[in-house]
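Notes for the structure review
Here are the chains, one letter per residue:
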Amino acid sequence: MDPAAYKMHLALQGEWPSLSFDFVQDTWGQGRTRFPHQMLAVVGTQADLPQNNSLQVWKLSDLGRLDKDDDENDDNQDYDSTDGDHSDSESDIDYDPVFENSHVNHHGGINRVRNHQGIIATWSDTGKVTLYTMDVEGMCTDNLRAPEHLFTYGGHSSEGYAMDFSTKGILATGDNNGAIHVFESDYKKAQLMFTADKPIEDLQWSPNESTVLAAGETGGFAKIYDVRAPNRAMLTKDLGNKSDINALAWSNLVTNLLGSGCDDGTWSVWDLRKFEEPLARFTSHTTPITSMEWHPTDESMLVVSDDVGSFVYDLSVEEEETQKQNEESDLPPQLLFVHSGSPMTKEVHWHPQITSCLMSTAYDGFHVFIPSNL
């Protein structure tokens, strides 16, 4: 790792690998830039035996800026005291990161975990979806507490990975038999809403239409559903040239943009108003795309992960510049940052409240970082 490439970097390794995690929206403020940082996350394990798994709540605090040599600080204006996230007093403090962990036992490996305003949902490899509650405000002001079990749903006929909360807190889950279930508002009942011909790899609710969601399937097809019209897709589109769609990302800032990442390593951005040819398609990845997510405050930026790392792109780079640089390099000029060296990266997420902070999970553990060029 090149320290000059990061404002902040922390590596964590748990007892067991993890396929999935999610940041928790905290009460410590929006748009945070000043060090040290603190954050909450929920993490699911993949243990050797079903009974050894757990759902964990992490609290990371005193995350300081990486040390810089004086010469580097003089040469790099990104790190001078005029930055909003840095001051002379901060540069003299050597912070020791603090890690706190609270957990509850979870039968079965956790394929995916998501949370929404104190509700945590897990997709187990046993085929069950389990709901938990947590006191977020209390955890921000006091000690961590283990999540409390709310309900376990056994209505799926197979395990799955697809799971998403809508902006209004409605939970949808998709399984490997192509079934999509939508939960009621109390999370104690769910209804089989749609059935596809192939396994559902990912689900994304529309950020501005509370009844609409997108599903990515094996075989390269994406479908747009509306829960007001059960048992049929409103729109079907081949996005992946027959390659499985592993990840979808619906932009919260430009709500007509949908990203798709495929098993063949390609990823694309689509305009849902036309949904014909992609606005952009990238083919530089050589391993399957495993996750993707739009930046929470920059409408042109998103992060993509594949088996070897996490990649930050800026789609605002002009086409003429793209054509010129493509003649000199195989890498697209929209690629801003690469965090690599982690085998089998499975998920990467932007922190919703800490500016340009990312966290990834891979076979060798977790990495929390802020790129120096963002």
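Conventions and cut-offs
- Residues numbered from 1 in each chain as written.
- Predicted model: local features only at pLDDT ≥ 70, side-chain atom pairs only at ≥ 80, totals over all residues.
- Heavy atoms only, no water.
- Helix = DSSP H or I, 4+ residues; strand = E, 2+ residues; numbered from the N terminus.
- Rg over C-alpha atoms; globule rule 2.2 N^0.38 Å.
- Buried < 20%, exposed > 50% of the residue type's maximum accessible area, 1.4 Å probe, protein only.
- Contact = heavy atoms within 4.5 Å.
- Areas by Shrake-Rupley, 256 points an atom, 1.4 Å probe, with all protein chains shown as cover.
- Lys, Arg positive; Asp, Glu negative; His and termini not counted.
- Charge placed at Lys NZ, Arg CZ, Asp CG, Glu CD.
- Phe/Tyr/Trp six-rings, centres within 6.5 Å; stacked < 30°, edge-to-face > 60°.
- Pairing = 2+ DSSP bridges.
- Salt bridge = Lys/Arg side-chain N within 4 Å of Asp/Glu carboxyl O.
- Axes fitted to C-alpha atoms, helices over the stretch in contact; angles between N-to-C directions.
- pLDDT = per-residue confidence, 0-100.
- Core = buried A, V, L, I, M, F, W, Y, C linked by side-chain atoms within 4.5 Å.

**So, the overall build of the protein**
Check the secondary structure of the protein and you find 4 helices and 28 strands. Here the C-alpha atoms of the protein give a radius of gyration of 21 Å, agreeing with the 21 Å that 2.2 N^0.38 yields for 374 residues. Dimensions of the protein along its principal axes, counting C-alpha atoms only, are 65 × 55 × 35 Å. Within the protein, buried positions represent 55% of all 374 residues. Within the protein, contacts between residues at least 6 apart in sequence are counted, and of these 53% link residues at least 24 apart. For the protein, the exposed surface amounts to about 16,600 Å²; the carbon and sulfur share of it is 44%. For the protein, the separation between the mean place of its 24 positive charges and that of its 61 negative charges on side chains is 11 Å.

**Let's talk about the environment of L49**
Relative to the helices and strands, L49 is located in the loop between β3 (37-44) and β4 (54-63). Residues L49 and G108 lie 59 residues apart in sequence; the distance between their C-alpha atoms is 7.5 Å.

**Some points on the packing of aromatic side chains**
Throughout the structure, instances matching the rule amount to 14 aromatic pairs. Here the aromatic rings of Y6 and F337 are separated by 5.3 Å at their centres, their planes lie at 85 degrees, and the arrangement is edge-to-face. Pair noted here: Y6 is in strand β1 (residues 6-12) and F337 is in strand β25 (residues 335-340), with a separation of 331 residues, a long-range link. Chaining the aromatic ring pairs together yields one cluster made of F21, F23, W58, F99 and F366.

**Notes on the environment of T133**
One can find T133 in strand β8 (residues 129-133). Among the residues examined, T133 registers a relative accessible area of 25% and is labelled partly exposed. T133 sits 180 residues away from Y313 along the chain, and the two C-alpha atoms are 35 Å apart. Those residues in contact with T133 that lie beyond four places of it in its chain are G118, I119, P147, E148 and L150.

**Some points on the pairing of strand β14 (residues 200-205)**
Burial analysis of β14 places 6 of its 6 residues in the buried class, the great majority of the element. Strand direction decides the pairing type here: β14 and strand β15 (residues 212-217), joined by 5 bridges, are antiparallel. Looking at β15, one finds that L203 is bridged to A215. Where β14 folds back on β15, the antiparallel hairpin that results is connected by 6 residues.

**Brief notes about the pattern of salt bridges**
What the rule picks out here adds up to 10 salt bridges. Across the pair E347 and R114 runs a salt bridge whose closest N-O atoms are separated by 3.1 Å. With E347 in strand β26 (residues 347-350) and R114 in strand β6 (residues 110-116), this pair connects stretches of sequence that are 233 residues apart. There is no split in this pair, since E347 and R114 are both buried. Among the ionic pairs, R273 bridges to D271, the shortest N-O distance being 2.9 Å. Overall, D271 belongs to the buried group, its relative accessible area being 7%. One network of salt bridges, with partners in common, ties together R112, R114, D202 and E347.

**Details of the sheet that holds β3**
Overall, antiparallel pairing links the 4 strands, which are arranged β2-β3-β4-β5 in an open sheet. Two strands bound the open sheet, and with one partner strand each, they are β2 (20-24) and β5 (98-105). Strand-to-strand twist in this sheet, taken as the mean axis angle between neighbours without regard to direction, amounts to 20 degrees. Bridge count for β2 against β3 is 5 bridges, and the pairing is antiparallel. Residue pairing across strands places V24 opposite L40, the latter belonging to β3.

**Looking at the confidence of the model for the protein**
Within the protein, residue pLDDT values average 91, and 90% of them lie at 70 or more. For residues 70-84, every residue scores under 50 in pLDDT, and the model assigns this stretch 18 contacts once sequence neighbours within four places are set aside.

**A look at the nonpolar core**
Membership of the largest hydrophobic core comes to 18 residues, with the highest contact counts inside it found for M8, M39, L63, C357, M359, F366 and V368. Judged by nonpolar contacts, the second largest core, of 16 residues, contains V42, V113, V136 and M139.

**A look at the side chain of S360**
With respect to the helices and strands, S360 occurs in strand β27 (residues 358-362). Residues within four places of S360 in sequence aside, it is in contact with F21, S310, H339, T345, E347, V348, G365, F366, H367 and F369.

**Digging into the sheet that holds β1**
Ordered by their spatial adjacency, 4 strands build an open sheet running β1-β28-β27-β26, and the pairing between neighbours is antiparallel. Edge strands, defined here as strands with exactly one partner in the open sheet, are β1 and β26. Neighbour-to-neighbour, the strand axes of the sheet open up by a mean angle of 15 degrees, direction not taken into account. Across 5 bridges, the pairing between β27 and strand β28 (residues 365-371) is antiparallel. Counted as the bridge partner of A362 is G365 from β28.

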